[in-house]
Amino acid sequence: MREEMSEREAAELLRGHRRPRSPHGWGLLEALWLLAFYEPVLTEAHLRRKNLEFIFIRFSAWEFAGCDKLWAGLVTTLCQRVRQHFGALPLSVFHVLGSRPRFASGFSQREWILKTGTCLRLWGLLAVLAAGLAILLTALLVPGIKEHHALKVVGSAITSLSGSSLVLGAVSILKNLLVSEKKKIERLTNSERFASQLGFMSKIRSEVEVLVDFLAFMEVFERRRLRVVLEITGLDICYPEKVAGVFNAMATLLSDANAPFIFLLAVDPSVIVPCLEQTGCLRGLADNGYLYLNRAVTLPFSIPESGARSRLRSVEAAIRTREDLMYRIIAANVAKSSGAAAAVVPGWKEADSQAVRWIHEAFRCLHDGSDALSGYLPESGASVRRIVNTVPITLRLLLHRVGSGAAAVVPSPRAAAAWVVLADRWPCRLSWTLQCLEDAGQGIPTADPDGKSLWSIFPENVGELSALKQPLGNVLSLDGDPELFQAFLARDFPFSAGDAREFLGVTVNLDHSIRHKMGLLRSLGRLGKAAP
């Protein structure tokens with residue numbers, strides 16, 4: 001969008017159009033003069049302008065999730081950012097003296113028309129004030145007239161009335177300068193009438209209308225189109241009623257066909273739709289959240305499936321956030337260069353350097369496009385960061401078990417990274433396989449149970465898992481592609497039951513309550529079958 005803005009600006013200048021101006025520096029004085037004495041006009045030339053400016057506003061719904069009305073936070077953020085972008089003084093003057101642009105009559109190219117009424121009223125007040133001051137000074141200074149109290153009273157009254165009108169205008173501007181739109185809305189939300197909503201929405205709407213009129217005025221002044229782009233994020237981690245409130249606020253702001261607002265709504269529909277359906281705000285839409293989204297969103301854009309290169313870039317970006325590893329590498333290099341590292345470094349530091357080497361080896365496998373493991377990385381950046389943060393903990397726990405003699409076999413860093421990916425991508429299927437393995441170990445012992453592959457265990461018990469789809473439906477929805485799960489365990493990473501038992505003690509990214517719930521469901525099912 002920034003590139004589009006620059007290209008359009010350059011194209012307008014090549015066509016010979018006048019250069020845009022800014023309400024800062026000397027342009028502020030010009031803007032204040034036009035605000036006070038001139039009325040903007042939307043001419044044909046202005047409507048044909050192609051250059052524009054985007055005003056980007058980031059709104060994280062999670063930051064305002066604690067307030068009673070999340071949509072009030074959206075409106076206050078909008079008002080505050082527009083005020084910061086143009087300055088408090090122009091907006092305050094517009095509240096008192098500004099006017100919304102009107103369309104030109106015919107093919108007139110005049111963009112500014114003198115406010116005759118405002119000028120006449122101002123000159124009239126100044127003339128009356130001058131006359132009142134003259135009468136008052138005459139009554140106070142001219143000999144022979146000082147004794148006439150009537151002239152003093154008349155002069156004082158005329159001066160006070162005319163001067164008070166000018167002072168009231170200045171006080172109104174000063175009040176809007178000190179009390180921002182954000183403070184006004186916050187004051188309304190804190191009032192007692194907020195609970196009953198008596199006239200509340202109309203006042204919010206009036207504040208938004210003033211903001212829209214001000215943006216229309218600044219379009220004519222800056223000689224370009226203005227669009228306010230609100231980037232709404234974090235909505236899919238808020239309560240359902242908050243989600244519905246933000247959608248209502250968006251509808252309110254977009255109710256004007258000429259509103260200069262563009263909403264970029266970054267959400268996960270699979271999370272937002274149930275929230276909308278729970279709030280009861282879909283009456284008349286058959287409680288269909290997808291239908292509501294189709295009517296609310298005018299340009300849907302579902303991010304396509306990311307390729308291998310994009311996933312590797314996500315891994316690289318997540319690894320760069322691990323400054324602790326980078327620091328340890330530098331410290332180890334300094335210790336080696338001093339030549340005394342072997343004599344003074346304690347055993348735990350040697351173990352730590354070994355852990356760093358393992359972690360880097362695991363990260364290399366994740367980031368290597370030729371490694372089969374990189375093909376199983378999730379598309380979600382949050383999931384990739386989860387994996388990158390879990391791998392170092394898993395490897396350090398493994399090294400601790402090896403050092404204490406608790407581990408019978410030492411897995412490779414690549415295998416440990418693959419186990420972390422397996423637990424992150426398919427938590428339900430892995431938990432089911434581990435629970436079946438645990439139940440089998442508690443029964444009649446079989447020959448070489450540790451040599452049995454995990455994939456051979458899953459198909460043997462998949463029918464029982466299918467029968468528990470209803471109580472485990474939410475957990476099953478966490479899993480990725482089932483065919484990739486088969487390829488992962490049957491072909492690329494054929495973990496055995498012994499490997500699973502080694503990794504289970506250091507698995508921190510798998511919710512063990514899922515496995516416990518599965519064990520309870522299996523035992524209840526067997527009790528039902530065994531009952532006479």
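Residues numbered from 1 in each chain as written. Predicted model: local features only at pLDDT ≥ 70, side-chain atom pairs only at ≥ 80, totals over all residues. Heavy atoms only, no water.

## Overview of a nonpolar patch on the surface
Phase 1: Taken together, the side chains of Leu-89, Leu-174, Leu-177 and Leu-178 define a hydrophobic patch exposed on the protein surface, amounting to about 330 Å² of accessible area.
Phase 2: Broken down by element, the residue count for the nonpolar patch peaks at 3 residues, all from helix H7 (residues 149-178). (Patch = residues over 30% accessible without salt bridge, like charges linked within 9 Å, V, L, I, M, F, W, Y side chains within 5 Å. Areas by Shrake-Rupley, 256 points an atom, 1.4 Å probe, with all protein chains shown as cover. Salt bridge = Lys/Arg side-chain N within 4 Å of Asp/Glu carboxyl O. Helix = DSSP H or I, 4+ residues; strand = E, 2+ residues; numbered from the N terminus.)

## Side note on the sheet that holds strand E5 (residues 225-233)
Phase 1: Taken together, 3 strands build an open sheet; the order of strands is E2-E5-E6 and the sheet is parallel. Sheet topology places strand E2 (52-60) and strand E6 (261-265) at the edges, where each strand pairs with a single neighbour. The sheet shows a mean angle of 20 degrees between the axes of neighbouring strands, taken without regard to direction.
Phase 2: Relative to E5, E2 runs parallel, the two being bridged by 9 bridges. By the bridge assignment, Phe-54 is partnered in E5 with Arg-227. (Pairing = 2+ DSSP bridges. Axes fitted to C-alpha atoms, helices over the stretch in contact; angles between N-to-C directions.)

## Things to note about the sheet that holds strand E4 (residues 112-114)
Phase 1: One open sheet holds the 3 strands; their spatial order is E3-E1-E4, and the pairing between them is mixed. For this open sheet the edge positions go to strand E3 (102-103) and E4, each flanked by a neighbour on one side alone.
Phase 2: Relative to E4, strand E1 (residues 38-42) runs antiparallel, the two being bridged by 3 bridges. Considered in E4, the bridge of Pro-40 is made with Trp-112.
Phase 3: Against the sheet, helix H2 (residues 26-37) touches E1 and E4, its axis set at about 90 degrees to E1. (Contact = heavy atoms within 4.5 Å.)

## Looking at unusual backbone geometry
Phase 1: For Arg-223, which is not glycine, the phi dihedral falls at a positive 60 degrees.
Phase 2: Within the secondary structure, Arg-223 is located in the loop between helix H9 (200-222) and E5.

## As for the environment of Ser-513
Phase 1: Here Ser-513 is to be found in helix H24 (residues 512-530).
Phase 2: Between the C-alpha atom of Ser-513 and that of Ser-431, which follows or precedes it by 82 residues, the distance is 9.4 Å.

## Topic: the pairing of E5
Phase 1: The buried fraction of E5 amounts to 7 of the 9 residues, a majority that puts the element mostly inside the structure.
Phase 2: The pairing of E5 with E6 spans 5 bridges and is classified as parallel. Bridge pairing links Leu-230 to Phe-263 in E6.
Phase 3: Chirality of the crossover, the property in question, places the unit of E5, helix H10 (residues 240-253) and E6 among those that are right-handed. (Buried < 20%, exposed > 50% of the residue type's maximum accessible area, 1.4 Å probe, protein only. Right-handed = clockwise from strand over helix to strand, strands pointing away.)

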